[in-house]
Amino acid sequence: MGFLGSLFRQAQPTSREIAKNRLQLVLVHDRVNLSPQIIQLLKDELIAVISKYVEIDEKGVEVGLSQSKRQSRLTADIPVLAGRHRR
Amino acid sequence: MGATVITITSGKGGVGKTTAVANLSTALALSGKRVVAIDADIGLRNLDVVMGLENRIVYDLVHVVEGACRLRQALIKDKRVETLYLIPAAQSRDKNAVRPQDMIDVCDQLRPDFDFVLIDSPAGIEQGFKNAIAPADQVCIITTPEVSSVRDADRVVGLVEASEKGPPRLIINRLRARMIERGDMLDTADVIDVLAVDLLGIVPEDEAIIISTNRGVPAVMEDGSRAGEAFRHIAARLMGQAIPFMTIQERPAPSLFGRIARLWRSA
């Protein structure tokens, strides 16, 4: 990496930062007992249900788990295509 | 008023539960409190050997539970520390020899005569863990600053909250200043951030712990070790005193000068 590379080591994450990020991700899933695979299934069904009522941008749908303190949240972000309702 | 019953647990094995119970109960007793330490790790007893009391065992917790002896007979009085007692685990039985109600009954019998009962939980989240937390007024969780033990600690936090024992408190054990400085170890703030529980104390990695276990003399009984000092602080906090947390290592400012200086030193 060399002298100059080491000076800019900041750009490479430390193993501590990697550990913290991995922990936060794994704990969010552990706590709610929803693996990333299950969330994908959930997302597919959610898209199917919402699409019955309104046209949405399926590719833009985001479903994820987050947390603040020990409170977990499942959030779904669904882009709705303007002016086109099914009902 | 009766004793405060505190269970030390962790989920992960080998993070320092037994060391903590040995040192905290000794430190509390050295401060004049009447303390009983109970080894709830039936079948894999270790608290006796860490406390240096392994030659004094006649009766153990299972004898008490099964009525083979009176509670008084199983209490080993530490000859070096006036008000400190131990109830050892059985070595030749397993966790199914005791039920949660048995632990509650034993602790209820101890409450009038003591100030603190400290229970050394086994690792895991099965029967032994359930037995150990059943009688607790407070649960204290120990973790090390490593991914696997923090993950297990998180599971235990959830189980403790679900069992209505009140919010557990955290001890972070075996912190290594140099690794934290290099960015190779999670620091106190990281662990608290991730687990979101109250911090009871932190303990640095210290060779003195191995030496103290070799000798059967808990580190708090002698001066000169940082781990011993840390455990004494935690004991003081358990007694209600407000002691500031030890400095393991501050997060260094990522200045260019700092990085040049580090390169210079490592050349």
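Residues numbered from 1 in each chain as written. Chains lettered and ligands numbered in written order. Predicted model: local features only at pLDDT ≥ 70, side-chain atom pairs only at ≥ 80, totals over all residues.

Observations concerning the overall build of chain B
Line of reasoning, step 1. Per the secondary structure count, chain B includes twelve helices and eight strands.
Line of reasoning, step 2. Rg of the C-alpha trace for chain B: 19 Å, near the compact-globule value of 18 Å for 267 residues, within the 12% margin.
Line of reasoning, step 3. Overall size of chain B, expressed as C-alpha extent along the three principal axes, is 70 × 40 × 35 Å.
Line of reasoning, step 4. Here chain B, with 267 residues, has 48% of them falling under the buried criterion.
Line of reasoning, step 5. Within chain B, residue pairs in contact and separated by at least 24 positions form 76% of the contacts whose partners lie at least 6 positions apart. (Helix = DSSP H or I, 4+ residues; strand = E, 2+ residues; numbered from the N terminus. Rg over C-alpha atoms; globule rule 2.2 N^0.38 Å. Buried ≥ 20, exposed ≤ 12 C-beta atoms within 10 Å, placed from the backbone. Contact = placed C-beta atoms within 7 Å.)

What about the environment of S149(B)?
Residue and element names in this part refer to chain B.
Line of reasoning, step 1. With respect to the element layout, S149 can be found in helix 7 (residues 147-162).
Line of reasoning, step 2. Overall, S149 belongs to the buried group, with 23 C-beta atoms counted inside 10 Å.
Line of reasoning, step 3. The spatial distance from the C-alpha of S149 to the C-alpha of G14 is 9.3 Å, given a sequence separation of 135 residues.
Line of reasoning, step 4. Among residues more than four places away in sequence, those in contact with S149 are K12, V15, T143 and T144.

Quick notes on the confidence of the model for chain B
Line of reasoning, step 1. Here chain B averages 93 in pLDDT, while 93% of its residues score no lower than 70.
Line of reasoning, step 2. The complex model carries a pTM of 0.85, and its ipTM stands at 0.83. (pLDDT = per-residue confidence, 0-100.)

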